[in-house]
Structures are given as C-alpha cells and as structure tokens.
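# A look at the structure
Take a look at the letters that make up each chain.
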Amino acid sequence: MTARGIGLVARQEIRTRLRTGRWKVLLLVWCLVVNGLGLLFRVALEYGDTSSFGEPGVPMFGGVLLGVLVLTLLVTPALGGQSVNGDRERGTLATLQVTRLTPGDIALGKLAAAWGTGLVTLVLTLPSLLLPVAEGAIGVGRALVVLLVTALLIGVVCAVSQAWSALVARSVTSILLSYLTVFALLVGTPLLFTLAVPLTSEHVPDRYGGYSEDHTERVWWLLAPNPVVALADAAPRLPERRVLVGDVVLSRAPESDPLGSISRTVREVRAGDDDHGSDREDGAAVWPWGLAFDLALAAGAVWITASRLRTPLYRVPRGVRVA
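Here is what the cut-offs are and how they apply
- Residues numbered from 1 in each chain as written.
- Predicted model: local features only at pLDDT ≥ 70, side-chain atom pairs only at ≥ 80, totals over all residues.
- Heavy atoms only, no water.
- pLDDT = per-residue confidence, 0-100.
- Contact = heavy atoms within 4.5 Å.
- Salt bridge = Lys/Arg side-chain N within 4 Å of Asp/Glu carboxyl O.
- Helix = DSSP H or I, 4+ residues; strand = E, 2+ residues; numbered from the N terminus.
- Buried < 20%, exposed > 50% of the residue type's maximum accessible area, 1.4 Å probe, protein only.
- Axes fitted to C-alpha atoms, helices over the stretch in contact; angles between N-to-C directions.
- Parallel < 35°, antiparallel > 145°, perpendicular 65-115°, else oblique.
- Nonpolar A, V, L, I, M, F, W, Y, C, P; charged D, E, K, R; others polar.
- Core = buried A, V, L, I, M, F, W, Y, C linked by side-chain atoms within 4.5 Å.

## Remarks on the confidence of the model for the protein chain
- For the protein chain, per-residue confidence averages 81 on the pLDDT scale, and 84% of positions sit at 70 or higher.
- Here residues 50–54 is a poorly scored stretch, pLDDT under 50, and it has 12 contacts once near neighbours within four places are set aside; other chains count.
- Confidence drops under pLDDT 50 across residues 275–281; counting only partners more than four residues distant or on other chains, this segment forms 8 contacts.

Here it is in structure tokens:
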C-alpha cells in the first residue's frame, strides 16, 4: 500500500464523478440552499429574543453547524454507498484489481475521493458558519475544533457507506443500509438511551414512602457515539459572563448556545444524580469516547472493504459481474 497508489485511485474516482455535470449543479444548489437557510435563520434571530446577552451570532453558529452536520451526514451515504459495487456492476472494478494496486490502495483511494467530496460540501457552507466568527461572537479556535470534528464524522460515514458497498451486491441496497446506519447513530442512540434509563431505576426509601432514582451514569455511553453529541461536547466552552442579580454577581454561560447546552446536558447525564454538590461544568467529557468509537467503526469499515477487494475471488455472489 503506497501513497501513490491511493492517489491514483482517488484521482480516477474524482474524474469519474466530474464527468457528469450533475455534481456541479448539485453542489451549486447545496451551497445556495444551505447558506440561504443560514442567513434566514440569522434574520429570524435578529428579530427574536435569542440571547440573554444580545448576541445572535452564538445561536446562529451552533444552530447552523448542527444543521449542516445532519444534512451533510444525510448526503454523505450517496458519495460512498456505491463506490465498490457500482464499479463491480459496470465491470470496471476488475480493471483495478488486476493491476499492481493493493486492496488497501483501492479502498483508501475510493475513501479519499468520497471523503474529499464530502469535505467540499462542508467548505461550501463556510460563508454562513464563519459570519459569527467574523463578528467576534465565536472564537477562531472554537470554529476550527468543531469543523475538524465535523470533517472526521463525514469521513466516518463515508467509510461505513463504502463498507456496505463492498459487502452488498446491489448499490441501491448498500445506500439504503448506509442511511439506516446514519439513522441508527443520529436517532437510534438517544432512543436506546431513553429505553435503557428506566432499567436503571432503583427505589430509594424515605419517611414519605420512597422514590425512584434513575442512574443515568450507567447508560450514558449509549449517547457517546451520536455525532451531534460528539460534536457539541467537543466544542470548547464559551467564556462565562458576569450577571448582576440584585446585589449578587453571578457567572453564567450563554444560555442561547446550542452546542454548550447539549454538552452540559450529556455531562450531567454521565455524572448522574450527585448529592455531593460537584460542579457540573467540570464534569467528565463524553466526546473522547464517542469520537473514539466512531473512528474505530471507520477503521473496521476500511478493513472490511479492503478484505472484500482481495483477489483471487473464490466465491462470487449471484448476479455480480467480475469483468
């Protein structure tokens, strides 16, 4: 496996994608729609009571970023969901397999092409994302961290979609399974957590008859692989503001920060019910575990893809072309 071989496969994949004009039109429509929605969201924030500190840039950045993450993850399965079985159906995969390219070269080259296309869709959303940064509402460091995490999550979905493409004979089926995987990460993880929380309930007796206590610290890990949770918790915290309440000066985090709100919630879930007065803001982070799981999932997907590309092929699925 060499960088030259990976680059050759990636360039061939990109040339194949650019031969049709549909990609250019789709990317243009994507840019206009996403940035247009972001600007409309900003206008709505300007006319609404969006922040206790009067900064619409904070909720705009978090809201647009979460929207971009979800939309990008919904688009990404189409980028890698037919990279292997699509070539196999067209009879072009065998042309690569008979060369000196290794299965790893082919797998990583196709992944690089799909991931690069996904990163282009992310770059096209930067005008609406970087507006709060230009205004000074969001720091450059915070923007770079969340964009890096978003890029990694796009790569994870590309790798998983490509693995389904290598495992399943039909491209329609592999794309469907890729969407189901994204659905499981985005919706399935909080659903499983919601169903698991009652199972952790314990009865605590007291003089009034007792009450039920949920131990969310036992099942918090079900939320960790969720891309939204990983992204929000990885975002650096915004500086607290001093607020005068009567004669008391309190330090408060911006309540209109969607990323910060999600991060505080999941860290409270991991901490569980704490009667010792621990500081929730300094709770244990969730994102390292979630991101590690997602990256491990991507690594396993790449290994599966490479193993399915090894030759000679001793068993050919029914209806699959070899050349």
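After that view, the rundown keeps rolling.
## Thoughts on the pattern of salt bridges
- If you walk through the whole model with that rule in mind, you get 1 salt bridge.
- Here Asp233 ties to Arg267 by a salt bridge, and the two come within 2.7 Å at their closest N and O atoms. Within this pair, whereas Asp233 is found in helix H11 (residues 227–234), its partner Arg267 is found in helix H12 (residues 258–271), the two being separated by 34 residues in sequence.
- By relative accessible area, Asp233 is classed as buried at 2%.
- With relative accessibility at 13%, the residue Arg267 sits in the buried group.

## So, the packing of helix H3 (residues 57–75) against H12
- Relative to each other, H3 and H12 sit at 70°, their axes nearing to 7 Å. Accordingly, the angle class assigned to the pair H3 and H12 is roughly perpendicular. Listed contacts from H12 to Val58, Pro59, Phe61, Gly62, Gly63, Leu65 and Leu66 of H3 are Pro258, Leu259 and Ile262.
- In the contact of H3 with H12, the residues fall into 8 nonpolar, 2 polar and no charged.

## Some details on the nonpolar core
- With 46 residues, the main nonpolar core has Phe61, Leu65, Val146, Leu231 and Leu259 as its most contacted residues.
- Put simply, the parts of the chain that give this core at least two residues each are helix H2 (22–47), H3, helix H7 (103–123), helix H8 (126–135), helix H9 (140–167), helix H10 (171–196), H11 and helix H13 (287–308).
- If you tally residues by element for this core, the top one is H9, at 13 residues.
- Other than its neighbours up to four places away in sequence, Leu65 contacts Met60, Leu129, Val146, Thr150, Leu231 and Leu259.

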